[in-house]
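# Summary of the model geometry
Take a look at the letters that make up each chain.
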Amino acid sequence: MTGDAELRVDFVNGPVAHRLRFGGGRGQDLPKAMGLRAGKTPVVVDATAGLGRDAFLLASLGAQVTLIERSAEMHALLEDGIARASAEGGDFRDIVERMTLLHGDAKDLLPTLEGDAILIDPMHPPRKNSALVKRELRQVREIVGTDEDAADLMRVALAHARQRVVLKWPAKADPIAGIRACSHQILGKSTRYDVFMVG
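What comes next is a walk through the structure. Each chain has its residues counted from 1, following the order in which its sequence is written. Where totals are concerned, whole chains, interfaces and linings use all residues; where local detail is concerned, this predicted model gives features only for residues with pLDDT of at least 70, and gives and counts side-chain atom pairs only at 80 or more. Each side-chain value is derived from all of the structure's non-hydrogen atoms; neither hydrogens nor water enter the calculation.

Our next topic: the overall build of the chain. Starting at the N terminus, helices and strands are each numbered in turn, a helix being any DSSP run of H or I of at least four residues and a strand any DSSP run of E of at least two. Along the chain, the regular secondary structure elements total eight helices and seven strands. For each residue, the accessible area found with a 1.4 Å probe, counting protein chains only, is set against the maximum for its type, and the residue is called buried under 20%, exposed over 50%, and partly exposed in between. Here the chain, with 199 residues, has 46% of them falling under the buried criterion. When checking whether two residues touch, look at their non-hydrogen atoms; a contact exists if any pair is within 4.5 Å. Of the contacts made within the chain by residues no fewer than 6 positions apart, 67% connect residues no fewer than 24 positions apart. Carbon and sulfur atoms make up 51% of the accessible area of the chain, which amounts to about 10100 Å² in all. For the accessible areas, the method is Shrake-Rupley and the probe is 1.4 Å, while residue cover comes only from the protein chains on display.

Listed below in structure tokens is the structure:
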């Protein structure tokens, strides 16, 4: 890393902890997209775990979440972050106990998992105004690269989710080519969730 603070997965401090305390619960866009509503808590697979923040949020709302990460380096960072959150005890330990971390390619692992809702958040192509891309995201991209096989992963997910697949995608980006139209969208300021109902 060139002059940047070392990348780490931190569920106990910073933006993740803030979102945990003040985030707005199941009313947030992601839980809504994933189908978490009163009385319904789907079993979630986060097929592209990255820094684990979305998985942690969903686990904080009661979901059992399986995280899949194919980069060995990212997987090690996630393992470390989960261990530190567990050592913190209290709510943090309770939340990460609902998170199961797997190392491997989601295209291979999804057919072996029982997930009601599958979240796919591929590394997006770099934006033109890449100065705006946060340092942390640049660091993640340096580790995992760009997900050239996002369409293949979507197809596997659509074939194996029990209820829905959710694609987290830049709000203004074109849909992924070669994938059927989504059932509905939840639009945020910079991010949208394309929801594909299955089954």
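Back to the write-up after that little detour.
The working definition used for a salt bridge is a side-chain nitrogen of Lys or Arg within 4 Å of a carboxyl oxygen of Asp or Glu. According to the stated counting rule, one finds eleven salt bridges in the structure shown. With a closest N to O distance of 2.7 Å, Lys168 and Asp54 form a salt bridge. Of the two residues, Lys168 sits in strand β5 (residues 164–170) while Asp54 sits in helix α3 (residues 53–60), which places them 114 residues apart along the sequence. In terms of burial, Lys168 and Asp54 fall into one category: buried. Here Arg70 ties to Asp105 by a salt bridge, and the two come within 3.4 Å at their closest N and O atoms. One end of the pair, Arg70, is in the loop between β2 (65–69) and α4 (72–88); the other, Asp105, is in the loop between β3 (99–103) and α6 (106–109), with 35 residues separating them in the sequence. Among the charged side chains, a salt-bridge network with shared partners connects Arg70, Asp105, Lys107 and Asp149.

Here a cavity denotes grid points, spaced 1 Å and computed from the protein atoms alone, that fit a 1.4 Å probe unable to get out, and a pocket denotes an open set having protein on both sides within 12 Å along at least 5 of 7 lines; residues with an atom within 4 Å of a point are the lining. Grid points are joined across faces, edges and corners, and a volume is the space filled by probe spheres set on the points. Enumeration according to the criterion identifies one cavity of 30 Å³ or more in this entry. Taken as a whole, the largest cavity encloses approximately 40 Å³ of empty space. As for the largest cavity, its lining consists of Val16, Arg19, Leu20, Arg53, Phe56, Leu57 and Ser60. Among the elements of the structure, α1 (14–22) and α3 are those that each provide at least two residues to the lining of the largest cavity.

Quick look at the packing of aromatic side chains now. Any two aromatic rings considered together are summarised by their centre-to-centre distance and by the angle between their planes. Any Phe, Tyr or Trp ring, taking Trp's six-membered ring, that has another such ring centre within 6.5 Å forms a pair; planes under 30 degrees apart are called stacked, those over 60 apart edge-to-face, and the others tilted. According to the stated counting rule, one finds two aromatic pairs in the structure shown. Measuring from ring centre to ring centre gives 4.8 Å for Phe11 and Phe56, while their planes differ by 5 degrees; the resulting arrangement is stacked. Of this pair, Phe11 sits in the segment before α1 while Phe56 sits in helix α3, and the two are 45 residues apart along the sequence. When the ring of Phe56 is compared with that of Phe92, the centres are 6.5 Å apart and the planes differ by 20 degrees; the resulting orientation is stacked.

All right, on to the sheet that holds strand β1 (residues 44–46) then. When DSSP finds at least two bridges between two strands, those strands are taken to pair. Reading across the sheet, the seven strands line up as β3-β2-β1-β4-β5-β7-β6 and stay open at both edges, with mixed pairing between neighbours. In this open sheet, the two edge strands, each paired with only one partner strand, are β3 and β6 (184–187). Across this sheet, the average inter-strand angle for adjacent strands is 20 degrees, counted without regard to direction. For β5 and strand β7 (residues 191–197), the ladder comprises seven bridges, and the chain directions are antiparallel. For Trp169, the partnering residue across the bridge sits in β7 and is Arg192. Comment: axis = line fitted to C-alpha atoms, over the contacting stretch for helices; angle = value between 0 and 180 degrees taken between N-to-C directions. Contacting β2 and β3, α4 runs over the sheet at an angle of about 155 degrees to β3.

The exposure class assigned to Lys168 is buried, which follows from its relative accessible area of 15%. For the pair Lys168 and Met123, spaced 45 residues apart in the sequence, the C-alpha separation amounts to 9.9 Å. At a separation of 2.7 Å, a polar atom in the side chain of Lys168 contacts the side chain of Asp54. We define a polar contact as two N or O atoms separated by no more than 3.5 Å, with the added condition that, inside protein, one atom must be a possible hydrogen donor and the other a possible acceptor, whereas residues neighbouring each other in sequence contribute only through side-chain atom pairs.

Another aspect to go through is the environment of Ala171. Mapping Ala171 onto the fold places it in the loop between β5 and β6. C-alpha separation for the pair Ala171 and Gln185, spaced 14 residues apart in sequence, amounts to 10.0 Å.

Two elements in contact, α1 and α3, have axes whose closest approach is 11 Å; the angle formed by their N-to-C orientations is 25 degrees. Of the possible angle classes, the one that applies to α1 and α3 is roughly parallel. Note that α1 runs across α3; the crossing there is right-handed. Residues Pro15, Val16, Arg19 and Leu20 of α1 lie in contact with α3, whose contacting residues are Arg53, Asp54, Phe56, Leu57 and Ser60. When residues are sorted by character, Ala, Val, Leu, Ile, Met, Phe, Trp, Tyr, Cys and Pro go into the nonpolar class, Asp, Glu, Lys and Arg into the charged class, and all the rest, Gly among them, into the polar class. Within the contact of α1 with α3, the residues separate by chemical class into five nonpolar, one polar and three charged. Orientation is classified from the angle alone, with under 35 degrees giving roughly parallel, over 145 giving roughly antiparallel, 65 to 115 giving roughly perpendicular, and any other angle giving oblique. Handedness of a crossing follows from how the near helix is turned relative to the far one, being left-handed for an anticlockwise turn of less than a right angle and right-handed for a clockwise one.

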